[in-house]
Amino acid sequence: MGVNDSHKPPLPELIQLAPDPFFLSDSSGKYIEVNDAGCQLLRASRAEILCKSAADFIWPQDAPILRRIAEQLTISGNERFEWSLRRSDGTSVPIEVHSRLLPDGKRQSIVRDISERKQREHEQQREHEALEWLQKLGALYLSGQGDDAILEATLDAAIALSQADCGHIQVLDEAAAAMRIEVARGFSPDWLTFRQRTPVSRETVEAAFAQRRCTILEAVQSSPLLVDPEEIAVYGREGVRALV
């Protein structure tokens with residue numbers, strides 16, 4: 001069924017031009033009005049939004065939670081909550097919603113994009129975790145438990161803070177003039193054997209230190225920094241897709 005705008009009065013200009021998304025749904029939950037900010041939020045046209053409901057713009061696993069919120073709204077008349085919407089292009093956006101049940105059974109929702117706030121909270125949490133790890137490593141160093149314990153804890157911290165799946169720490173073997181794996185997490189014995197057999201050269205490490213920045217390989221299988229077919233194949237068998 002199509003949407004015929006000619007039979008509906010336009011939204012008041014104050015709502016239509018409001019910076020925050022505005023949605024109005026009927027008693028069944030179907031959207032009957034949306035302003036320009038709402039269309040921009042969902043990255044969809046007005047025609048693509050009207051006659052659909054919030055259930056069409058959420059992730060399937062969130063459906064039970066949405067039903068509970070709708071039930072609570074019928075009891076309280078007002079609900080404020082945070083949510084994650086699924087846009088028409090498949091991306092996700094975190095939002096804060098203030099929904100109100102109107103006397104005629106309609107529901108109006110004012111929505112706010114809280115992506116920036118969530119990003120700040122995430123960064124603050126990462127900084128807090130980094131400080132905690134730094135304190136743990138400092139205490140470990142002062143306890144005199146030795147280099148092995150410090151390397152183990154350092155690797156655990158690096159994997160946790162970078163949200164990686166696996167990792168290793170290499171140290172410079174002066175006699176061999178090459179890097180040697182000292183501690184590793186998440187790699188198979190075959191991979192470790194291969195890496196020990198083909199150590200990173202001292203020159204490569206010194207060049208990396210000279211740059212004073214991380215080198216990120218977003219796609220191991222197609223990175224121009226990896227040229228050894230055997231190494232690429234080993235990463236593939238290990239399931240490693242990206243490297244820092």
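Residues numbered from 1 in each chain as written. Predicted model: local features only at pLDDT ≥ 70, side-chain atom pairs only at ≥ 80, totals over all residues. Heavy atoms only, no water.

Engineer: Would you take a moment to explain the nonpolar core for this structure?
Structural biologist: With 20 residues, the main nonpolar core has F23, L42, I49, W83, L85 and I95 as its most contacted residues. Among the secondary structure elements, those contributing two or more residues to this core are β2 (31–34), α2 (36–42), α4 (63–76), β3 (78–86) and β4 (92–101). Residues within four places of L85 in sequence aside, it is in contact with L41, L42, F57, I58, W59, T91, S92, V93 and I95. Core analysis: the next-biggest nonpolar cluster, separate from the first, contains 11 residues, I181, F187, V234 and V240 among them. (Core = buried A, V, L, I, M, F, W, Y, C linked by side-chain atoms within 4.5 Å. Buried < 20%, exposed > 50% of the residue type's maximum accessible area, 1.4 Å probe, protein only. Helix = DSSP H or I, 4+ residues; strand = E, 2+ residues; numbered from the N terminus. Contact = heavy atoms within 4.5 Å.)

Engineer: Please clarify how helix α7 (residues 189–197) should be interpreted in this entry.
Structural biologist: Think of an α-helix as turning once every 3.6 residues; residues three or four places apart then point the same way. For α7, the full list of buried residues reads W191, F194 and R195. Taken down its axis, α7 places every buried residue within 95 degrees of arc, on the same side. Opposite the buried face of α7, by more than 90 degrees, sit the exposed residues P189 and R197. Against β6 (167–173), β7 (178–185) and α9 (229–238) lie the buried residues of α7. (Arc of directions from axis to C-beta.)

Engineer: Any chance you could explain the side chain of E79 here in plain terms?
Structural biologist: Relative to the elements of secondary structure, E79 occurs in strand β3. Buried E79, no salt bridge; nearest opposite-charge side chain is R80, N-O distance 9.2 Å. Residues in contact with E79, not counting those within four places in the same chain, are I69, Q72, L73, V97, H98 and S99. (Lys, Arg positive; Asp, Glu negative; His and termini not counted. Salt bridge = Lys/Arg side-chain N within 4 Å of Asp/Glu carboxyl O.)

Engineer: Before we go on, may I ask you to explain the pairing of β4 in this structure?
Structural biologist: When a strand is regular, its side chains alternate between the sheet's two faces. Examined bridge by bridge, β3 and β4 share 9 bridges and lie antiparallel to one another. Bridged to E82 within β4 is E96. Count of turn residues in the β3/β4 antiparallel hairpin: 5 residues, of which G90 carries a positive phi of about 90 degrees. Examined bridge by bridge, β4 and strand β5 (residues 107–113) share 7 bridges and lie antiparallel to one another. Among the inter-strand pairings, I95 is bridged to a residue of β5, identified as D113. Linkage of β4 to β5, two consecutive antiparallel strands, is achieved through a turn of 5 residues, within which G105 is found at a positive phi near 95 degrees. (Pairing = 2+ DSSP bridges.)

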